[in-house]
Amino acid sequence: RAAGFATLTALSGCESIVMARRHRPKVVLMDLMMDGMNGWDAAQTLKSAPATRDIRIVAVTASREPNAIDRARAAGCDAVLLKPARAESIISSVIEAKA
């Protein structure tokens, strides 16, 4: 918000899918480690649907699991940022999505 972007917040993978379908954002910052449906599954669901497949998904994760980035890419994430992500990196990902 501080950078001038309108934002919405989803508290779960399932909620992120509902919100993305309803609001059709240009970009979703997706935490991969969530309760219930995780970010990998939510990203895959969004990318597999015609109505949401063009939404840019940027995974944001603290996972140090060796294959976390590969799993995120395989699920359809367009970019991956490791926490703690710098504000500049997040803003660049959002701006790139708007272009």
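Here the structure is a predicted model, which means the values were calculated and not measured. (Residues numbered from 1 in each chain as written. Predicted model: local features only at pLDDT ≥ 70, side-chain atom pairs only at ≥ 80, totals over all residues. Heavy atoms only, no water.)

Participant: When you look at unusual backbone geometry in this model, what are you seeing that I'm missing?
Facilitator: For residues besides glycine, phi is generally negative; the peptide bonds are generally trans as well. For the bond from Lys83 to Pro84, the omega torsion is 0 degrees, close enough to zero to count as cis. Counting through the fold element by element, Pro84 comes out in the loop between β3 (79-82) and α4 (87-98). The backbone of Arg24 sits at a positive phi, close to 45 degrees, despite the residue not being glycine. Looking at the element boundaries, Arg24 is found in the loop between α1 (13-23) and β1 (27-31). (Helix = DSSP H or I, 4+ residues; strand = E, 2+ residues; numbered from the N terminus.)

Participant: What is the right way to look at α1 in this model?
Facilitator: Owing to its 3.6 residues per turn, the α-helix brings residues three or four apart onto one side. Residues Gly13, Ser16, Ile17, Met19 and Ala20 constitute the buried set of α1. On its buried side, α1 packs onto β1 and α2 (39-48). Backbone geometry just downstream of α1 places Arg24 in the positive-phi region, at approximately 45 degrees. (Buried < 20%, exposed > 50% of the residue type's maximum accessible area, 1.4 Å probe, protein only. Contact = heavy atoms within 4.5 Å.)

Participant: It is not clear to me how the sheet that holds β1 should be interpreted in this structure. Could you clarify?
Facilitator: Whether parallel or antiparallel, the strands of a sheet pair through hydrogen bonds between backbone atoms. One open sheet accounts for three strands, arranged β1-β2-β3; its pairing is parallel. Only two strands of the sheet have a single partner each, and these edge strands are β1 and β3. Averaged over neighbouring strand pairs, the angle between their axes works out to 25 degrees when direction is ignored. Pairing of strand β2 (residues 56-61) with β3 involves four bridges; the strand directions are parallel. Looking at β3, one finds that Ala59 is bridged to Val80. The strands touched by α2 within the sheet are β1 and β2, with β1 carrying the most contacts at an inclination of about 155 degrees. (Pairing = 2+ DSSP bridges. Axes fitted to C-alpha atoms, helices over the stretch in contact; angles between N-to-C directions.)

Participant: Is there a simple way to explain the nonpolar core in this structure?
Facilitator: The tendency in soluble globular proteins is for nonpolar side chains to be buried side by side. Counting 18 residues, the largest nonpolar core has Met30, Ile57, Ala72 and Cys77 as its most contacted members. At four residues, the largest contribution of residues to this core is made by α2. In this structure Ala72 touches Leu32, Trp40, Ala59, Cys77 and Val80, once residues within four positions along its chain are discounted. Core analysis: the next-biggest nonpolar cluster, separate from the first, contains five residues, Val27, Val58, Ala79 and Val94 among them. (Core = buried A, V, L, I, M, F, W, Y, C linked by side-chain atoms within 4.5 Å.)

Participant: Is there a simple way to explain the pairing of β1 in this structure?
Facilitator: Side chains on a regular strand alternate between the two faces of the sheet. Pairing of β1 with β2 involves five bridges; the strand directions are parallel. Its bridge partner lying in β2, Val28 is registered against Ile57. Between β1 and its parallel partner β2, the chain crosses via α2, and the hand of that crossover is right-handed. (Right-handed = clockwise from strand over helix to strand, strands pointing away.)

Participant: Which parts of the structure should I look at to understand the pattern of salt bridges?
Facilitator: Side-chain pairs of opposite charge can arise where the charged atoms are in close proximity. Evaluated as defined, the whole model comprises two salt bridges. A salt bridge links Lys83 to Asp31, with the shortest nitrogen-to-oxygen separation between them at 3.1 Å. Of this pair, Lys83 sits in the loop between β3 and α4 while Asp31 sits in strand β1, placing them 52 residues apart in sequence. The partner of Asp78 in a salt bridge is Lys47, and the shortest N-O contact between them spans 3.0 Å. Remark: Lys47 occurs in helix α2 and Asp78 occurs in the loop between α3 (68-75) and β3; sequence separation between them is 31 residues. Using a relative accessible area of 19% as the deciding quantity, one classes Lys47 as buried. (Salt bridge = Lys/Arg side-chain N within 4 Å of Asp/Glu carboxyl O.)

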